[in-house]
Amino acid sequence: MTDADLLRSLGIDPSQLDAAPPWAPRAGAERLDGSRPCARCGEPARATGVVDVPGHGRRWLDRCMPCLIATTPRGGPRGPLEDTVAVLRDAAREAGVALTIGTDE
């Protein structure tokens, strides 16, 4: 997911976000003083990061922890589903645990 896709999925207009400097290793920590609202819900932001959106450049994306967790992209299995299921079955067998796996495939 690109930064532009992330903002679009959150319903955030990148032009409404503060411009971020090209490189500021400590600036992120300085932003987390509780005075900035979460870009998604408006609660005090506890996490910040930089998104780079074509046409808008680098912008700060401030989020509260619940919104950060809810909006952090997560990948699915890295390999085929059959490989993931095989690993689970092997682990259950090794642990001596009865396991039933249901998939939608």
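Everything below is about the structure shown above.
Overview of the structure. Residue positions within a chain follow its written sequence, with the count starting from 1. Only residues with pLDDT of at least 70 are given local features in this predicted model, and only at 80 or more are side-chain atom pairs given and counted; all residues enter the totals for whole chains, interfaces and linings. With hydrogens and water stripped out, all remaining heavy atoms of the structure feed into the side-chain values.

Looking at the environment of alanine 47
No. 1: Working definition: helices are DSSP H or I runs of at least four residues, strands are E runs of at least two. Numbering for both runs from the N terminus. Looking at the element boundaries, alanine 47 is found in strand β1 (residues 47–53).
No. 2: It is 5.8 Å that separates the C-alpha atoms of alanine 47 and aspartate 62, two residues lying 15 residues apart in sequence.

Points about the state of the cysteines
No. 1: To count as a disulfide, a pair of cysteine sulfur atoms needs to be within 2.5 Å. Inspection of every chain in the model, using the stated rule, returns zero disulfides.
No. 2: Cysteine 41 takes part in no disulfide bond, and the closest cysteine sulfur to it belongs to cysteine 64, at a distance of 3.7 Å.
No. 3: Using a 1.4 Å probe on the protein chains alone, a residue whose accessible area is under 20% of its type maximum counts as buried, one over 50% counts as exposed, and one in between counts as partly exposed. With a relative accessible area of 42%, cysteine 41 lands in the partly exposed category.
No. 4: Cysteine 64 carries a free sulfur, and the closest cysteine sulfur to it, the one in cysteine 67, is 3.6 Å from it.

With respect to the nonpolar core
No. 1: Nine residue types can take part in a nonpolar core, namely buried Ala, Val, Leu, Ile, Met, Phe, Trp, Tyr and Cys, and a core is a set of them joined through side-chain atoms within 4.5 Å. With nine residues, the main nonpolar core is built from Ala4, Leu6, Leu7, Leu10, Ile12, Leu17, Val51, Val53 and Leu61.
No. 2: When contributions to this core are tallied by element, the ones reaching two or more residues are α1 (3–10) and β1.
No. 3: Sorting elements by how many residues they give to this core places α1 first, with four residues.
No. 4: Residues are treated as being in contact if the distance between any of their heavy atoms lies within 4.5 Å. In this view, valine 53 contacts Asp3, Ala4, Leu7 and Pro14; residues no more than four positions away in its chain are not counted.

Observations concerning the side chain of arginine 63
No. 1: By secondary structure assignment, the location of arginine 63 is in strand β2 (residues 57–63).
No. 2: There is a polar contact of 2.6 Å between the side chain of arginine 63 and the side chain of threonine 71.
No. 3: Apart from the residues lying within four places of it in its own chain, the contact partners of arginine 63 are Leu6, Cys38, Ala45, Arg46, Ala47, Leu68 and Thr71. We define a polar contact as two N or O atoms separated by no more than 3.5 Å, with the added condition that, inside protein, one atom must be a possible hydrogen donor and the other a possible acceptor, whereas residues neighbouring each other in sequence contribute only through side-chain atom pairs.

A look at the side chain of arginine 59
No. 1: Assignment of secondary structure puts arginine 59 in strand β2.
No. 2: Polar contacts involving the side chain of arginine 59 include one to the main-chain carbonyl oxygen of histidine 56, which spans 3.0 Å.
No. 3: Apart from residues no more than four positions distant in its own chain, arginine 59 is found in contact with Pro14, Ser15, Leu17, Asp18, Ala19, Ala20, Gly49, Val50 and Val51.

Structural notes on the pairing of β1
The two faces of the sheet receive side chains in turn, since in a regular strand these alternate between them.
No. 1: We call two strands paired when DSSP finds no fewer than two bridges between them. Sheet topology note: the β1/β2 ladder contains seven bridges and is antiparallel. For glycine 49, the partnering residue across the bridge sits in β2 and is leucine 61.
No. 2: In this antiparallel pair of consecutive strands, β1 and β2, the connection spans three residues, and glycine 55 shows a positive phi of 85 degrees.

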